[in-house]
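Inside the fold
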Amino acid sequence: MTGTVSAILATIPSPDRGVWYIGPIPLRAYALCIIAGIVVAIAWGERRFVARGGEKGAVTDIAVFAVPFGLVGGRLYHVATDWPKYFGPGGNPVDALKIWQGGLGIWGAIALGAVGALIACRRRGIPLPAFADAVAPGIVVAQAIGRLGNWFNQELYGGPTDLPWGLEIYRRIDPVTNLEDPLGGVAMDHTPIAVVHPTFLYELLWNLGVAALIVWADRRFRLGHGRVFALYVAGYTSGRFWIEIMREDHATLIAGIRINVFTSVIVFVGAVIYLVLAKKRGEREDLAALRAEPEPEGTPETPAEEKPAESVAEEPTKTDKTT
């Protein structure tokens, strides 16, 4: 009994709630974490893009397209890979629209976000790989910040553990109805109903490590042509593979294995192949040269109507002599 009490005292507590109300308006921690991550990604991406020779303000303009596309893509991937929750027996299809309750798949967010970024990049004449390299560290840090939202929502955790960093899970209830409400409720009793592996925390720390790795590699090897982004994808998926195996929340399974485990392996292989192939493209893109206006090759000939009057007057005389 003493050992159990000591273990609980050494664990990480969960927040007692993930939603606060300002009058009738809900203030959701998950949404705030997503927004904070997006702001960090754009701000850091802007600085990196300018430092690489790009135009100031370009990343912000591209993000206007990429972020909405990414949010929609992330939700579509989540719903598609967890469809029984919304369209299966006892499911409510309307819940598929409730993005504030959590559920954004990074694979869909990156894929559809890239489509939005491609549209904006073409409008501005910016190579998509160069843009992706600039924003890659900010994206993975944004993912780390977003994982804090899972802590507030008491989700994405692993199996039971007695390790000192185990996460306490509380029973949350609606104070008005006294019914259980894991997302919108409040923990009235802080006695944990379970102590589990905080896999969201493992991923948060892994993401910060990936960000440090790709920044170092970019400076050391002057990576370009999308190789920074590919390194981010390879680094992230290698961590997501083992973290996904540890998770015990509900997920779609293939042959008894979580679908995101397969996705991690496939995307990792694709990223490594791209890293190898893109190496042949040579040095990093010169964004300053790409956006520079070409110099005039010579002085244009003066149109006849703009020639001085005396020059025009002399022409008939010359013609008479020739005749």
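Please read these numbers as outputs of a predicted model, since none were measured by experiment.

Here the focus is the overall build of the protein chain. Tallying secondary structure elements over the protein chain gives 11 helices and six strands in all. Taking the contacts inside the protein chain whose residues are at least 6 apart along the sequence as the reference set, 74% of them involve residues at least 24 apart. As displayed, the protein chain has an accessible area near 18,300 Å², and 66% of this comes from carbon and sulfur atoms.

Across the interface, helix α7 (residues 199–221) lies against helix α8 (residues 227–246) with an axial gap of 9 Å and an inter-helix angle of 160°. The angle between α7 and α8 falls in the class roughly antiparallel. The element α7 and its partner α8 pack so that their crossing is right-handed. Of α8, the residues touching α7 (which contributes T199, Y202, E203, W206, N207, V210, I214, A217 and D218) are V228, L231, Y232, G235, Y236, S238, G239, R240, W242, I243 and M246. Among the residues making up the contact of α7 with α8, the classes are represented as 12 nonpolar, five polar and three charged.

A136, V140, I214, F229, L231 and Y232 are the most contacted members of the largest nonpolar core, which has 22 residues in total. Elements represented by at least two residues in this core include exactly α5 (106–124), α6 (128–153), α7, α8 and α9 (259–278). A total of eight residues in this core trace back to one element, the largest contributor, which is α8. Counting residues in hydrophobic clusters, the runner-up holds 14 residues, among them A58, A66, A117 and C121.

Before going further, it helps to spend a moment on unusual backbone geometry. Within the chain, L156 stands out as a residue other than glycine whose phi angle is a positive 60°. With respect to the secondary-structure elements, L156 resides in the loop between α6 and β3 (167–169). Judged by relative accessible area, which is 15%, L156 ranks as buried. The backbone of N178 shows a phi angle near 65°, a positive value even though the residue is not glycine.

All right, on to the packing of aromatic side chains then. Across all of its chains, the model carries eight aromatic pairs by this definition. Consider the rings of W20 and F152, whose centres lie 5.9 Å apart with planes at 70°: the pair is edge-to-face. Of this pair, W20 sits in strand β1 (residues 19–22) while F152 sits in helix α6; the two residues are 132 residues apart in sequence, bridging distant segments of the chain. A relative accessible area of 35% places W20 in the partly exposed class. Exposure remark for F152: the relative accessible area of 18% places this residue in the buried category.

Another point: the pairing of β1. Here β1 pairs with strand β2 (residues 25–28) via four bridges, running antiparallel. Looking at the pairing, W20 lines up with L27 of β2. Here β1 hands over to β2 after two residues, with G23 in that stretch at a positive phi of 65°.

The next subject is the side chain of Q143. Inspection of the secondary structure puts Q143 in helix α6. In this structure the side chain of Q143 is engaged in a polar contact, spanning 2.5 Å, whose partner is the side chain of Y232. The contact partners of Q143, leaving out residues within four places of it in the chain, are I106, N207, Y232 and Y236.

Now for helix α3 (residues 58–81). Between its terminal C-alpha atoms α3 stretches 34 Å, which fits the 34 Å expected from 24 residues at 1.5 Å a residue. Taken as a whole, α3 carries its principal kink of about 35° at V64; the proline P68 stands between one and four residues after it.

On to the confidence of the model for the protein chain. For the protein chain, the average pLDDT comes to 86, and 86% of its residues sit at 70 or higher. In the predicted structure, residues 294–299 sits below a pLDDT of 50 and forms zero contacts with residues beyond four places in sequence or in another chain. Taken as a whole, residues 301–323 scores under 50 in pLDDT and shows four contacts with residues more than four places along the chain or in a different chain.

Okay, a nonpolar patch on the surface next. On the surface, a cluster of nonpolar side chains totalling about 920 Å² of accessible area is made up of W206, F241, W242, I245, V265, F268, V269, V272, I273, V276 and L277. Of all elements in the fold, only α8 and α9 reach the threshold of two or more residues within the nonpolar patch. Looking at the nonpolar patch, the element that brings in the most residues is α9, giving seven residues. Tracing the chain through its elements places L277 in helix α9.

Each value, and the rule that gives it
Residues numbered from 1 in each chain as written. Predicted model: local features only at pLDDT ≥ 70, side-chain atom pairs only at ≥ 80, totals over all residues. Heavy atoms only, no water. Helix = DSSP H or I, 4+ residues; strand = E, 2+ residues; numbered from the N terminus. Contact = heavy atoms within 4.5 Å. Areas by Shrake-Rupley, 256 points an atom, 1.4 Å probe, with all protein chains shown as cover. Axes fitted to C-alpha atoms, helices over the stretch in contact; angles between N-to-C directions. Parallel < 35°, antiparallel > 145°, perpendicular 65-115°, else oblique. Left-handed = near helix turned anticlockwise from the far one by under 90°. Nonpolar A, V, L, I, M, F, W, Y, C, P; charged D, E, K, R; others polar. Core = buried A, V, L, I, M, F, W, Y, C linked by side-chain atoms within 4.5 Å. Buried < 20%, exposed > 50% of the residue type's maximum accessible area, 1.4 Å probe, protein only. Phe/Tyr/Trp six-rings, centres within 6.5 Å; stacked < 30°, edge-to-face > 60°. Pairing = 2+ DSSP bridges. Polar contact = N/O pair within 3.5 Å; in protein donor to acceptor, adjacent residues only side chain to side chain. Expected span 1.5 Å × (residues − 1). Bend = angle between axes of the 7 residues up to and from the residue. pLDDT = per-residue confidence, 0-100. Patch = residues over 30% accessible without salt bridge, like charges linked within 9 Å, V, L, I, M, F, W, Y side chains within 5 Å. Salt bridge = Lys/Arg side-chain N within 4 Å of Asp/Glu carboxyl O.

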